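# Fold and geometry: a report
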Amino acid sequence: MERFYLKNAAKYQSLVDAFDPNAKIRVSTGEAGPNMVNKTFVKRRSIPVCHIPRALQRNVVDIHDLYNHPRGSPILKSFDYEVDYLFDSGSTTEVIYDNLVADLVPFSWNGGIGTLFAYGQTGSGKTFTVSRIEKLVAETLMDGNLEGEREIYMTIIDLAGNSAFDLLNERTPISLLEDSFGVTQMVGADEYQVYDREDMKELVERATAFRRTAPTLKNDASSRSHAICRIRIYDPATNSDGLLY
Ligand SMILES: Nc1ncnc2c1ncn2[C@@H]1O[C@H](COP(=O)(O)OP(=O)(O)OP(=O)(O)O)[C@@H](O)[C@H]1O
Ligand SMILES: [Mg+2]
């Protein structure tokens, strides 16, 4: 399949260039369209991946795949998605943090459950972006601007296939079990109390050191597993927790 994309990279590019988001038929035939601006092409090993924020709809993205038509030349299959925010290769992690994550911190501080989930193909930048975001969370949580006293605890684990490991305890195997209330528990994972932003950063770095990586075609240091960082924010006044994953 990879060979098919490589062989047809130029064809793909010309079909994408001619893509018209307003065309009724979603399969591009090669006609040029009027609304093509702000194109961002990310090329990896000459296989283009294309996201095009539309001129008039900044929150709609078109994803294009080249379809190996069994009778004839390859055609473009395009899918559009409407999202709350769209970032391109020029967006910094700080911008992503400000738009998507910053509000989750006071929300969890006040008892909510906040989750940030990074999903995407190998080499797309999940580890890079989330590692920096974890440090920005540490700064926001610990800079003293949030109201009230809290105790903060961290657990960081790794899921690899059917196994789970404690990344803060030398990758000791742990169990993920559902309790009688239907809540998933990380049995055997250590929880560490943190007192300042340096404590949090130190734990994030310790966990990173225990994540295994292996090269893939698109990422020399691919994670090959799923890491989960849980920050439990305990409010002694109400004896309740907020959680930030
Ligand atoms: N925004 C960015 N700016 C500069 N370099 C980046 C950025 N995002 C990712 N990279 C670089 O791209 C490479 C792949 O990123 P990363 O390891 O974060 O991908 P990943 O999504 O975690 O992949 P995998 O699923 O294989 O673990 C790394 O060398 C990383 O430093
Ligand atoms: Mg990774």
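Reading the values: rules and limits
- Residues numbered from 1 in each chain as written.
- Chains lettered and ligands numbered in written order.
- Predicted model: local features only at pLDDT ≥ 70, side-chain atom pairs only at ≥ 80, totals over all residues.
- Heavy atoms only, no water.
- Helix = DSSP H or I, 4+ residues; strand = E, 2+ residues; numbered from the N terminus.
- Buried < 20%, exposed > 50% of the residue type's maximum accessible area, 1.4 Å probe, protein only.
- 1 Å grid on protein atoms, 1.4 Å probe; cavity = no way out; pocket = protein on both sides within 12 Å on 5 of 7 lines; lining within 4 Å.
- Points joined across faces, edges and corners; volume = space filled by probe spheres on them.
- Core = buried A, V, L, I, M, F, W, Y, C linked by side-chain atoms within 4.5 Å.
- Contact = heavy atoms within 4.5 Å.
- UniProt positions renumbered as here; feature names shortened; annotations may be inferred.
- Salt bridge = Lys/Arg side-chain N within 4 Å of Asp/Glu carboxyl O.
- Polar contact = N/O pair within 3.5 Å; in protein donor to acceptor, adjacent residues only side chain to side chain.

A tally of regular secondary structure across the chain gives six helices and 13 strands. The burial tally for the chain puts 34% of its 245 residues in the buried class.

When its volume is computed, the second largest pocket comes out at roughly 1400 Å³. Around the second largest pocket, the lining comprises 50 residues; the ones closest to its centre are Ala118, Val130, His226, Ala227 and Ile228. When contributions to the lining of the second largest pocket are tallied by element, the ones reaching two or more residues are helix H5 (126-142), strand E7 (151-160), strand E10 (184-187), helix H6 (197-210), strand E12 (226-235) and strand E13 (240-244). Per-element tally for the lining of the second largest pocket: the top contributor is H5, with eight residues.

A separate point is the nonpolar core. One finds Val137, Leu141, Ile152, Met154, Met200 and Ile231 to be the most contacted residues of the largest nonpolar core, which totals 27 residues. Those elements that place two or more of their residues in this core are helix H3 (93-101), helix H4 (104-109), H5, E7, H6 and E12. The leading source of residues in this core is H5, at six residues. What Met154 contacts, discounting residues up to four positions off in sequence, is Leu168, Asp190, Glu191, Tyr192, Val194, Met200, Leu203, Val204, Cys229, Arg230 and Ile231. Residues Tyr12, Leu15, Val16 and Leu76 belong to the second largest nonpolar core, which totals six residues.

We note that Arg171 has phi near 60 degrees; this positive angle belongs to a residue other than glycine. Inspection of the secondary structure assignment puts Arg171 in the loop between strand E8 (163-166) and strand E9 (172-178). The exposure class of Arg171 is buried, given its relative accessible area of 12%. Positive phi, close to 55 degrees, is recorded for Asn239, a residue that is not glycine. Relative to the elements of secondary structure, Asn239 occurs in the loop between E12 and E13.

Bringing the UniProt feature "binding site: ATP" (unreviewed entry) in the chain into the picture now. When the UniProt feature table is mapped onto this chain, "binding site: ATP" (unreviewed entry) is found at Gly120, Gln121, Thr122, Gly123, Ser124, Gly125, Lys126 and Thr127. Taken from the residues named earlier, the lining of the second largest pocket is made up of Gly120, Gln121, Thr122, Gly123, Ser124, Gly125, Lys126 and Thr127. Here Gly123 is to be found in the loop between strand E6 (113-114) and H5. Its place among the elements puts Thr127 in helix H5.

This part covers the pattern of salt bridges. For the structure on display, the rule yields ten salt bridges. Taking the shortest distance from any N to any O, the salt bridge between Glu202 and Arg206 comes out at 3.7 Å. Of this pair, Glu202 and Arg206 both sit in helix H6, four residues apart, which is roughly one turn of that helix. You can call Arg206 partly exposed: its relative accessible area is 27%.

Moving on to the environment of Asp143. Checked against the element boundaries, Asp143 lands in the loop between H5 and E7. Spatially, the C-alpha atom of Asp143 lies 7.8 Å from that of Arg197, the residues being 54 residues apart in sequence. One polar contact links the side chain of Asp143 to the main-chain amide nitrogen of Asn145, over a distance of 3.1 Å.

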